[in-house]
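# Structural features, examined
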Protein chains: 2
Amino acid sequence: MKADPSPVSQPACSGPQASPLSYEQAGVVYDLIDPVKVSAQHAAAATARHLAAHGFAEIAASRGESAYVVDVGPFYLASIVECLGSKAIVADEWAALTGQSCYDAIAQDTIAMAVNDLITVGATPLIVQAYWGAGGSDWFTDAARAQALVDGWRRACDRCGVAWGGGETPALAGIVEPGRIDLAAACTGIVNPKERLSVGERLAPGDAIVLLDSSGIHANGLSLARKLVERLPQGWLSEVESGLSYGAALLAPTVLYSPVTEALWQAGIAPHYCANITGHGWRKLLRHAKALRYRIHTLPPVPPVLRFIQHHAGHDDRQAYSTLNMGAGFALFVAAADAERVVAIAQAQGVGARVAGLVEEGAKELIIEPLSLRFGDDALKLR
Amino acid sequence: MKADPSPVSQPACSGPQASPLSYEQAGVVYDLIDPVKVSAQHAAAATARHLAAHGFAEIAASRGESAYVVDVGPFYLASIVECLGSKAIVADEWAALTGQSCYDAIAQDTIAMAVNDLITVGATPLIVQAYWGAGGSDWFTDAARAQALVDGWRRACDRCGVAWGGGETPALAGIVEPGRIDLAAACTGIVNPKERLSVGERLAPGDAIVLLDSSGIHANGLSLARKLVERLPQGWLSEVESGLSYGAALLAPTVLYSPVTEALWQAGIAPHYCANITGHGWRKLLRHAKALRYRIHTLPPVPPVLRFIQHHAGHDDRQAYSTLNMGAGFALFVAAADAERVVAIAQAQGVGARVAGLVEEGAKELIIEPLSLRFGDDALKLR
């Protein structure tokens, strides 16, 4: 299905401001972070040799992927820690305005950040650990909010079939801002059997690209979304569409994709590669190092809140698709013959999906045909 | 060896202030956190059933212990996430005063928080994931500081023989205070062979208690230590002992104890139980649920910085030993016949150790004979 034939159409509300709002203006400067990331990656890679003393070895191809994989004999071990980011601030401001606590959704977002990354390598998530760093002991005095966090965390674990192992609830006055909470999740899983491993070896020309729908902004791009609210006369209460305010739309929880990848395996399908569409938007489709062309022929529908952000930030499609998920929360690269079954299996799990493109021989690039966009090899520098 | 025969002696410096400084005054109120912890623990426990779908099961006895353990067939999997706490603020203030970046030590502290907890259950730490949540992208513009963090992280991984799998370096303006960083580590390990598991089943009367020396405050009690500096006319530069200032003494990195537990296993010794002495100080010796008496007959030397804090905070021994590690960073509960070998093996790894006490039949209590202190079952409520 071809979706959203008029991708530059505007929502029925006030026009964009004169000056576009960049991601840098929103306070996120990837260039300052990335050199440290690269230095850390080199130092980290040098520690892999320690595994040999235990009779184990890393899967080197998982370095630079979304989760780290170690061969421990009968199966592979995968692990990760992921941060929610600044979405909790939106929940706090929304609660101050409306009295509604959305920390159950925020909990799901946090777990999604970890689980959706972990499953990219073919892992079954088994254990989640909670990291709830509060700005002070008094964060927990709002018992309803704290309970919503607990309840949402548990429901997300139930949805993903993971055991909540425990966690850490430090009071971090002086580090975390008063009234705020720094949320993260660590996840451990296994790739079992080993042929489920998907770190890109099987990614090849001819593969189909299946995109799984997002529910909205998920948990990336929130700095931009928060900066934008300053421009909106009605702030968080601005209507994204009839009956849906900006604040509520942003707080839709991130889709948990592990039920889809588990159902795929139950059906005998192991994706050749997966990309979790988070920071850097659709540039994440260029994640793997291989020289391959990714040609997108069909776009998912753009969630109204993302179209709204694009419009009010004054972003063209290039900026929007290189920053936000624009309706695609997760990409599965699968054998073309499996593509339609993959879509059906995802839909059976309640997750919208479509065959959106294909992998071709060629220079490393992403071509989004319906928008006449091209992103080259230089568009994403993660390693 | 009997250590420190005059445990209430004062350092040769100005006397304590008139009013004692409580932990609550320092901003840490455990009572506000603990009900949420309990609610979270119940919710978490209810998720364990999900492991059955994968053919696995949790080790229920690990609930409430320092790391969560799952039986995955050939071995047990152990996992954890742990936060540094507020020690990085001391490093920041020390750097502002002296120009010295201690983030290499801070990195070790962070890894120690995770690794020293993970090993309590008998696990060999395999993989560490880094969580570095900065107050903004600009935290990483101080390249020397960022590199110290990278270098220290790597060295701590080398010391523990773990692979640094990767991590997360988010810029969290609005959540983390400007100029600060929220540091945590996730660690995954295995208990292999399974008889290494130490969640307390074998803890029994007659066991010896071996205490491993701490290097100073480690990473617990820093809120108190920072509050205290306001009372010191010379602040961070106050002399703890000749040539050692308060700031530098606090920044001694936490001892990494996994080389000791690994060396013990190499020598055929599996501790019956372990306790990482962190928050709640020596009350952590009461960690296990069993009704047992822990009798301490020999004290480790108290690091000068801890004696200094006790003195200036106006704490009596009960307060000091129930808050700070007072020289004991880690407790090993071992068969009495192994105790002296355990001490020798620890010392061979460069970690001071002593046979400090024994486990007896009796009501649950901790008796610190040299100080005439008793802590009952009500002294530590963790579950």
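Residues numbered from 1 in each chain as written. Chains lettered and ligands numbered in written order. Predicted model: local features only at pLDDT ≥ 70, side-chain atom pairs only at ≥ 80, totals over all residues. Heavy atoms only, no water.

## Some points on the overall build of chain A
- Of regular secondary structure, chain A possesses ten helices and 15 strands.
- Compactness check: chain A gives a C-alpha radius of gyration of 20 Å against a globular reference of 21 Å for 383 residues, within 12% of the reference.
- Along the first, second and third principal axes, the C-alpha atoms of chain A reach 55 × 50 × 40 Å.
- Within chain A, the proportion of its 383 residues that are buried is 65%.
- Looking at chain A alone, contacts between residues at least 24 apart form 82% of all its contacts between residues at least 6 apart.
- Summed over its atoms, the accessible surface of chain A is roughly 12500 Å², and 52% of this surface lies on carbon and sulfur atoms.
- Taking the average location of the 30 positive side-chain charges in chain A and that of its 38 negative ones, the two points are 4 Å from each other. (Helix = DSSP H or I, 4+ residues; strand = E, 2+ residues; numbered from the N terminus. Rg over C-alpha atoms; globule rule 2.2 N^0.38 Å. Buried < 20%, exposed > 50% of the residue type's maximum accessible area, 1.4 Å probe, protein only. Contact = heavy atoms within 4.5 Å. Areas by Shrake-Rupley, 256 points an atom, 1.4 Å probe, with all protein chains shown as cover. Lys, Arg positive; Asp, Glu negative; His and termini not counted. Charge placed at Lys NZ, Arg CZ, Asp CG, Glu CD.)

## Here we look at the domain arrangement of chain A
Residue and element names in this part refer to chain A.
- Segmenting chain A into domains produces domain 1 (55-196) and domain 2 (208-379).
- Centre-to-centre separation of domain 1 and domain 2, based on C-alpha positions: 21 Å.
- Across the boundary between the two partners, domain 1 contributes 34 residues, which contact 34 residues of domain 2.
- In this assembly, domain 1 and domain 2 are joined by one salt bridge.
- Close ionic contact of Arg196 with Glu262 constitutes a salt bridge, the shortest N to O distance being 2.9 Å.
- Linking domain 1 with domain 2 are 16 residue pairs in polar contact (both at pLDDT 80 or more), by the criterion used here.
- Listed by contribution, the elements that provide at least two residues to the side of domain 1 that touches domain 2 are helix 2 (87-98), helix 3 (103-118), strand 4 (124-134) and helix 4 (143-160).
- Here the element with the most residues in the side of domain 1 that touches domain 2 is helix 3; it accounts for ten residues.
- Considering only residue class, the side of domain 1 that touches domain 2 consists of 19 nonpolar, seven polar and eight charged. (Domains from an automatic or database assignment. Salt bridge = Lys/Arg side-chain N within 4 Å of Asp/Glu carboxyl O. Polar contact = N/O pair within 3.5 Å; in protein donor to acceptor, adjacent residues only side chain to side chain. Nonpolar A, V, L, I, M, F, W, Y, C, P; charged D, E, K, R; others polar.)

## Some details on the packing of aromatic side chains
All names here are of chain A.
- For the coordinates displayed, the defined rule picks out 24 aromatic pairs over all chains.
- Considering the side-chain rings of Trp132 and Trp153, the 5.4 Å spacing of their centres and the 75° angle between planes classify their relative orientation as edge-to-face. Taken as a pair, Trp132 in strand 4 and Trp153 in helix 4 lie far apart in primary sequence, 21 residues in all.
- Accessibility expressed as a relative area gives 1% for Trp132, which makes it buried.
- Trp153 gets classed as buried once you look at its relative accessible area, which sits at 0%.
- Judged by centre distance (6.0 Å) and plane angle (45°), the rings of Trp153 and Trp164 are tilted. Taken together, the positions of Trp153 in helix 4 and Trp164 in strand 5 (residues 163-168) put the pair eleven residues apart, joining distant regions of the chain. (Phe/Tyr/Trp six-rings, centres within 6.5 Å; stacked < 30°, edge-to-face > 60°.)

## Topic: the interface of chain A and chain B
- In this assembly, 77 residues from chain A lie in contact with 78 residues from chain B.
- Counting across the interface, chain A meets chain B through two salt bridges.
- Among the salt bridges present, the one from B:Arg49 reaches A:Asp158, with a minimum N-O distance of 3.7 Å.
- Counting the contacts that link chain A with chain B gives 23 residue pairs in polar contact (both at pLDDT 80 or more).
- Looking at the side of chain A that touches chain B, the elements that each hand over two or more residues are helix 1 (30-45), strand 2 (68-71), strand 3 (76-83), strand 4, helix 4, strand 5 and strand 6 (181-191) of chain A.
- Tallied by class, residues from the side of chain A that touches chain B come to 46 nonpolar, 19 polar and twelve charged.

## Re the sheet that holds strand 14 (residues 365-368) of chain B
Residue and element names in this part refer to chain B.
- Overall, mixed pairing links the seven strands, which are arranged 10-12-7-13-11-14-15 in an open sheet. Of all the strands in the sheet, just strand 10 (273-276) and strand 15 (373-376) have a single pairing partner and so form its edges. The mean inter-strand angle of the sheet, taken between neighbouring strand axes irrespective of direction, is 20°.
- In terms of strand pairing, strand 7 (residues 208-213) meets strand 12 (residues 328-334) through six bridges, oriented antiparallel. (Pairing = 2+ DSSP bridges. Axes fitted to C-alpha atoms, helices over the stretch in contact; angles between N-to-C directions.)

## A few points about the pattern of salt bridges
Residues and elements named next belong to chain A.
- Under the counting rule described, the total for this entry stands at 36 salt bridges over all chains.
- With a closest N to O distance of 3.5 Å, Arg154 and Asp158 form a salt bridge. Note that Arg154 and Asp158 are positioned in helix 4 at a spacing of four residues, about one turn of the helix.
- On the basis of relative accessible area, Arg154 is assigned to the partly exposed category, the value being 29%.
- We classify Asp158 as partly exposed; its relative accessible area is 24%.
- Close ionic contact of Glu369 with Arg295 constitutes a salt bridge, the shortest N to O distance being 2.8 Å. With a gap of 74 residues between them, Glu369 in the loop between strand 14 (365-368) and strand 15 (373-376) and Arg295 in strand 11 (residues 292-296) connect regions that are remote in the sequence.
- Its relative accessible area of 38% is what places Glu369 among the partly exposed residues.
- Through salt bridges with shared partners, a single network forms among Arg293, Arg295, Glu360, Glu365, Glu369 and Arg374.

## Let's talk about unusual backbone geometry
- With omega at 0°, the peptide bond leading from A:Asn192 into A:Pro193 counts as cis.
- Even without being glycine, A:His280 reaches a positive phi, approximately 75°.
- Within the secondary structure, A:His280 is located in the loop between strand 10 (273-276) and strand 11.
- Residue classification places A:His280 among the buried positions, given a relative accessible area of 10%.
- If you check the backbone angles, B:His218 has positive phi at about 55° while not being a glycine.
- Tracing the backbone shows B:His218 in the loop between strand 7 and helix 5 (222-229).
- The class of B:His218 is buried, set by a relative accessible area of 5%.

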